[in-house]
Amino acid sequence: GQSADLKLMHYNTVDVTVKSDGDVGIGTVTPQEKLHVYNAGTARIEIEGTTGPAAFKATNSQGSYGWYVNGNSDSFRLYDFTDSADRITVSGNGNVAIGTDHAPQKLNVKGTIVHLNSSNIQVAGITNSSDAGRLYANNAGGVTNVLLDSNGDSYLKGGNVGIGLSDPDTLLEVAGVIKSSSTS
């Protein structure tokens, strides 16, 4: 048998097309996906929930995620349905939170932030140690040469250190006055 497209029209203009393969077009008679929305100007899709979250959900064999507007706060979130957890929160003021929904600053991360080199080796990072701040820099092989730990030992290794200059000739070289005092 023959298959035909279903078309919803208004004043001789096709507004909605349902193709015989199930693809739906709004504003187009040739949908390229299961849902294709087209407008010559601005095109928007609105999902509205009046008493709870309004969400867009995407699922495949690897996981299920949704972007949603929280029903209890002015925020937009990426939700992991597999692990039942918010992954990213964008507050109404533009602040972003990753790993937490608390976003008092422009970028807030609960967990370690790392920089990878071209070989995908961690060469720099910000993390915590006993809930205190910790910064580190590694060489290209991933060995830590600089560690600044606000709650423990810190060190610099692997070269000369200059204060007030960029080309020290000795283990520690200072350009300027050095002051030392003792505490009891």
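Sequence order as written defines residue numbering, which begins from 1 separately in each chain. Note on the predicted model: pLDDT of at least 70 is required for a residue's local features to be given, and 80 or more for side-chain atom pairs to be given and counted; whole-chain, interface and lining totals, by contrast, use all residues. Only hydrogens and water are set aside when side-chain values are computed; all heavy atoms of the structure are taken into account.

A. Just the sheet that holds strand E4 (residues 35-37), in detail. For two strands to pair, DSSP has to find at least two bridges joining them. What counts as a helix is a DSSP run of H or I of at least four residues, what counts as a strand is a run of E of at least two, and both are numbered from the N terminus. The strand order E1-E2-E3-E4 describes an open sheet built from four strands, whose pairing is mixed. If you trace the sheet from one side to the other, it starts and ends with strand E1 (6-10) and E4, each paired once. On average, each strand axis in the sheet is inclined to that of its neighbour by 20°, with strand direction left out of account. Both E1 and strand E2 (residues 13-18) contribute to a ladder of five bridges, which runs antiparallel. An axis is simply a line fitted to the C-alpha atoms; with a helix, the fit covers only the stretch in contact. Between two such axes, the angle follows the N-to-C directions and lies from 0 to 180 degrees.

B. Quick look at the layout of surface pockets. Looking at the largest pocket, its volume works out to about 210 Å³. What lines the largest pocket is Val109, Lys110, Gly111, Ile113, Ile126, Thr127, Asn128, Asp131, Ala132 and Gly133. At the level of secondary structure, the elements contributing two or more residues to the lining of the largest pocket comprise strand E12 (122-129) and strand E13 (132-138). Counting residues per element, the lining of the largest pocket draws most heavily on E12, at three residues. Grid spacing is 1 Å over the protein atoms alone, the probe is 1.4 Å, and a cavity is where that probe fits but cannot get out, while a pocket is an open set with protein on both sides within 12 Å along at least five of seven lines and lining residues have an atom within 4 Å of a point. Grid points are joined across faces, edges and corners, and a volume is the space filled by probe spheres set on the points. Reported here for the second largest pocket is a volume of approximately 170 Å³. As for the second largest pocket, its lining consists of Leu35, Ile45, Ile47, Ala54, Ala55, Phe56, Trp67, Tyr68, Val69 and Phe76. Those elements giving two or more residues to the lining of the second largest pocket turn out to be strand E5 (54-60) and strand E6 (63-69). We call Asp, Glu, Lys and Arg charged. Ala, Val, Leu, Ile, Met, Phe, Trp, Tyr, Cys and Pro are nonpolar, and the rest, Gly among them, are polar. For the lining of the second largest pocket, a count of residues per class yields 10 nonpolar, no polar and no charged.

C. Examining the sheet that holds E5 more closely. On the basis of which strands lie adjacent, the open sheet formed by six strands has the order E5-E6-E7-E8-E9-E10 and mixed pairing. What marks the edges here is a single partner per strand, and that holds for E5 and strand E10 (107-109). When the angles between neighbouring strand axes are averaged without regard to direction, this sheet yields 15°. By the bridge criterion, seven bridges tie E5 to E6 in an arrangement that is antiparallel. The residue bridging phenylalanine 56 from the neighbouring strand is tryptophan 67, located in E6.

D. Local environment of the pairing of strand E14 (residues 144-149). When E13 meets E14, the two strands line up antiparallel, connected through five bridges. Bridge pairing links alanine 137 to valine 146 in E14. Hairpin geometry of E13 and E14 is characterised by an intervening segment of five residues between the two adjacent antiparallel strands and by a positive phi of about 95° at glycine 142. In textbook terms, the turn of a hairpin is the stretch between consecutive antiparallel strands, and for E14 and strand E15 (residues 155-156) this stretch comprises five residues.

E. Representation of the pattern of salt bridges in the model. Criterion for a salt bridge: a side-chain nitrogen of Lys or Arg within 4 Å of a carboxyl oxygen of Asp or Glu. Evaluated as defined, the whole model comprises seven salt bridges. Between lysine 34 and aspartate 23 there is a salt bridge, with its nearest N and O atoms 3.4 Å apart. Of the two residues, lysine 34 sits in the loop between strand E3 (24-26) and E4 while aspartate 23 sits in the loop between E2 and E3, which places them 11 residues apart along the sequence. Judged by relative accessible area, which is 11%, aspartate 23 ranks as buried. Among the salt bridges present, the one from aspartate 86 reaches arginine 77, with a minimum N-O distance of 2.8 Å. Between buried and exposed lies partly exposed: a residue is buried under 20% and exposed over 50% of the maximum accessible area for its type, with that area taken using a 1.4 Å probe on protein chains only. Accessibility expressed as a relative area gives 7% for arginine 77, which makes it buried. The structure contains a network of salt bridges with shared partners spanning Arg77, Asp86 and Asp101.

Such coordinate-based values are descriptive only and should not be taken to indicate function.
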